[in-house]
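For reference, the chains in residue letters:
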Amino acid sequence: MFMTQLTGLLKRISEKEEFPIEDAGRLLAQGLISEGILYIKGFGEMAVIEKEAIDGAETLSRIQCWTPSIQLSEADRVLIASRFADDLGAIELAKKLAAKGIPFAAIASKREESGIEGLADAFIDMRLTKGLLPDDEGGRTGFPSSIVGLYTYFLLKMTIEEIMSEYV
């Protein structure tokens, strides 16, 4: 049952977030094409995206983890990933980037409260706000945010690579 629910969620992301993924891909590729650096910051379990992007088998060129000490240029781009769009750390970073005019994309799941989706230049909704399966106590269990985050990251990465191939 978990596999069925997870597969359905991943399919919804690829279908419903196709245009936001393309928008985010173009935004991030612009920075790489103009000799900028792509910085990634994952909050909580979404730090797995940083690890994959930096140390994975297939990395993008000029990609680094974001830290507060980094001096960003106007050519740089940032990808923020968090479990939910209302994550306080993600919102704080988004506000700093917006104030400096640094374009950024975000991956997170929207909830009731507005959050990073209103600040990001491109926002990809993971559409995961509760566990995928009902539990014995009437709640939900099986919250695969890191799996969904990585899947979304790979869709975005492949989009960036496709765009970059047109300019090389």
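Anyway, here's the lowdown on the structure attached to this text.

What helix 3 (residues 47–55) keeps buried is the set Ile49, Glu50 and Ala53. Seen from one end, helix 3 has its buried residues packed into an arc of 105°, which puts them on one side. Among the exposed residues of helix 3, those pointing more than 90 degrees away from its buried face are Lys51 and Asp55. Residues of helix 3 that are buried make contact with strand 1 (38–42), strand 2 (63–65), strand 3 (77–84) and helix 5 (145–165).

A few words now on the packing of helix 2 (residues 18–33) against helix 5. Across the interface, helix 2 lies against helix 5 with an axial gap of 8 Å and an inter-helix angle of 55°. When the axes of helix 2 and helix 5 are compared, the pair comes out oblique. As helix 2 packs across helix 5, the resulting crossing turns out to be right-handed. Counted together, Ile21, Glu22, Ala24, Gly25, Arg26, Leu28, Ala29, Leu32 and Ile33 of helix 2 and Leu155, Leu156, Thr159, Ile160, Ile163 and Met164 of helix 5 form the full contact between these two elements.

Looking now at the pairing of strand 1. Of all five residues that make up strand 1, four are buried, and the element is covered over most of its length. When strand 1 meets strand 2, the two strands line up parallel, connected through three bridges. Of the residues in strand 2, the one forming a bridge with Ile40 is Cys65. Viewed along the sheet, the connection from strand 1 through helix 3 into strand 2 turns out right-handed.

Time to look at the packing of helix 1 (residues 2–16) against helix 5. Geometry of a packed helix pair, given as the angle between the helix axes and the separation of the axes. Two elements in contact, helix 1 and helix 5, have axes whose closest approach is 11 Å; the angle formed by their N-to-C orientations is 35°. As for the relative orientation of helix 1 and helix 5, their crossing is right-handed in sense. Residues Leu6, Leu9, Leu10, Ile13 and Ser14 of helix 1 form the contact with helix 5, whose participating residues are Ile147, Val148, Tyr151, Thr152 and Leu155. Across the contact of helix 1 with helix 5, the residue classes break down as eight nonpolar, two polar and no charged.

About the cut-offs
In this convention, every chain numbers its residues from 1, walking through the sequence in written order. Local features in this predicted model are restricted to residues of pLDDT 70 or higher, and side-chain atom pairs are both shown and tallied only at a pLDDT of 80 or more, whereas totals for entire chains, interfaces and linings draw on every residue. Here the side-chain values reflect all heavy atoms present in the structure, with hydrogen atoms and water set aside. Burial classification: accessible surface area is computed with a 1.4 Å probe over protein chains only, and a residue below 20% of its type maximum counts as buried, one above 50% as exposed, and the rest as partly exposed. Segments assigned H or I by DSSP are reported as helices when at least four residues long, segments assigned E as strands when at least two residues long, and all are numbered from the N terminus. This arc corresponds to the set of directions leading from the helix axis out to the C-beta atoms. Here, residues are in contact when the closest pair of their heavy atoms is within 4.5 Å. Only the contacting stretch of a helix is used when fitting its axis, a line to C-alpha atoms as for every element, and angles between N-to-C directions run 0 to 180 degrees. Orientation is classified from the angle alone, with under 35 degrees giving roughly parallel, over 145 giving roughly antiparallel, 65 to 115 giving roughly perpendicular, and any other angle giving oblique. Two helices cross in a left-handed way if the nearer one is turned anticlockwise from the farther one by less than a right angle. They cross in a right-handed way if the turn is clockwise. Here a strand pair is declared whenever DSSP counts at least two bridges between the two strands. With the strands pointing away from the viewer, any crossover whose connection runs clockwise from the first strand over the helix to the second is right-handed. Asp, Glu, Lys and Arg are counted as charged, while Ala, Val, Leu, Ile, Met, Phe, Trp, Tyr, Cys and Pro are counted as nonpolar; the rest, among them Gly, fall into the polar class.

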